Amino acid sequence: MGSRKVEILKTTNPRRVWNLILLKLSYLISRLIKKPIHWGSPIAVSIEPTTACNLKCPQCPSGLRQFTRPTGNLKPEMNKNILDGLGKNLQYINYYFQGEPFINPNFLSLVKEARKRNIYVLTSTNAHFISDKTANEIIDSGLSEIIISIDGATQETYENYRIEGDLEKVKAGTKNLVAAKKKRNSSLPILTFQFLVSKQNEHEIDQIKLLKDEMGVDQVKFKTIQVYDYETGNDLIPENEKYSRYKKNAAGKYELKNAYHNSCWRSWSSCVFTWDGSVVPCCFDKDANHQMGNITQNDFQSIWKNAIYSEFHQQLLKNRKQIEICRNCSEGSKIWI
């Protein structure tokens, strides 16, 4: 069985350790003096393979087809430009932002390019496109980990959120991956079931744990659901507060459980690339409203250090609640992420 920590450790070298030290030092100093200082370069990024999706999930801009930004597929040339621009300090890539990665016909070639650079590569999928052939190609790509969204143990529950989804296709795709790993005697990719907990599926948590064991999946993770209109309540918010990112306050309104800090380690250590090369600060900026620059116009290092990014970081240090994408952030109480 693969372990994320073990596999990430395999990608560590002195250069990347020094870069991490620089990032943490600059972050701590910035929090102390309330002025942005940024040493080092990203240790982790998310890169968007596509904005297209076969499902219509109700809290997802891709599922709702509500993007105001351009939509499309990441090209291999753009992927290489991003990787070249990020340099040798990069240690972790999540090939996912919006959309279903396997809709991009070049997706696994993107993964191969990153793995050639000894980078831990993860993706997230609804597993509707993982045939036996694709499962073997995934093994060949060297993909480190694949997150499989499975938000229900029954079709009725699953399709409540994964609208137009087919639970049997998810199971079939998972079986293909388990079989391919066994046949090829491969510990990778690590297989992770991700269960987005809602009021409609929280009664099936134990069933998903059993299904994970029955199918030979490496691990299962339970994720709190993000909703956009939560202050007066939302039908998707689970009743078990353990699995909710919201709580009722004294006034009877819902609010984030996490406390806000005027800082954000994730913004110091990582960023997100849209399919067309735009750089945005984090995965909560789904419609790319906070664009720091585009690598088709400027090299990444100049974007990472530019005035737009510096102003954004200054706002984080001054009053993070004023930034719209931060108001629904589940990382609010974390210092290091």
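Please refer to the structure placed before this passage.
The text that follows walks through the structure, step by step, so that each part is easy to find. (Residues numbered from 1 in each chain as written. Predicted model: local features only at pLDDT ≥ 70, side-chain atom pairs only at ≥ 80, totals over all residues. Heavy atoms only, no water.)

### Thoughts on the nonpolar core
Counting residues in each nonpolar core, the largest one holds 88 residues, and the members touching the most others are I47, I93, Y95, F273 and V279. For this core, the element with the highest residue contribution is strand β5 (residues 190-197), accounting for 6 residues. (Core = buried A, V, L, I, M, F, W, Y, C linked by side-chain atoms within 4.5 Å. Buried < 20%, exposed > 50% of the residue type's maximum accessible area, 1.4 Å probe, protein only. Helix = DSSP H or I, 4+ residues; strand = E, 2+ residues; numbered from the N terminus.)

### Considering the pattern of salt bridges
Under the counting rule described, the total for this entry stands at 15 salt bridges. Taking the shortest distance from any N to any O, the salt bridge between R117 and E113 comes out at 2.9 Å. Since its relative accessible area comes to 27%, R117 is described here as partly exposed. The partner of D213 in a salt bridge is K212, with the nearest N and O atoms 3.1 Å apart. We classify D213 as exposed; its relative accessible area is 53%. Classification of K212 as buried rests on a relative accessible area of 18%. Shared partners join several salt bridges into a network, and the residues in it are K80, D84, E113, K116 and R117. (Salt bridge = Lys/Arg side-chain N within 4 Å of Asp/Glu carboxyl O.)

### Let's talk about a nonpolar patch on the surface
Taken together, V17, W18, I21, L25 and W39 make up a surface patch of nonpolar side chains, about 480 Å² in accessible area. By secondary structure assignment, the location of W18 is in helix α2 (residues 14-33). Under the relative-accessibility criterion, W18 is labelled exposed at 52%. (Patch = residues over 30% accessible without salt bridge, like charges linked within 9 Å, V, L, I, M, F, W, Y side chains within 5 Å. Areas by Shrake-Rupley, 256 points an atom, 1.4 Å probe, with all protein chains shown as cover.)

### Some remarks on the packing of aromatic side chains
Enumeration over the complete set of coordinates arrives at 11 aromatic pairs. Ring geometry for Y92 against Y120: centres 5.5 Å apart, planes inclined by 15°, an arrangement best described as stacked. Of this pair, Y92 sits in strand β2 (residues 92-94) while Y120 sits in strand β3 (residues 120-125), and the two are 28 residues apart along the sequence. The residues Y92 and Y120 share a single accessibility class, namely buried. Measuring from centroid to centroid gives 4.5 Å for Y230 and Y246, while their planes differ by 25°, and the two rings are stacked. One end of the pair, Y230, is in the loop between β6 (219-224) and β7 (246-248); the other, Y246, is in strand β7, with 16 residues separating them in the sequence. The exposure class of Y246 is buried, given its relative accessible area of 2%. The positively charged end of R69 is found above the aromatic ring belonging to F67, 4.6 Å away from the centroid. (Phe/Tyr/Trp six-rings, centres within 6.5 Å; stacked < 30°, edge-to-face > 60°. Lys NZ or Arg CZ within 6 Å of the ring centre and 35° of its normal.)

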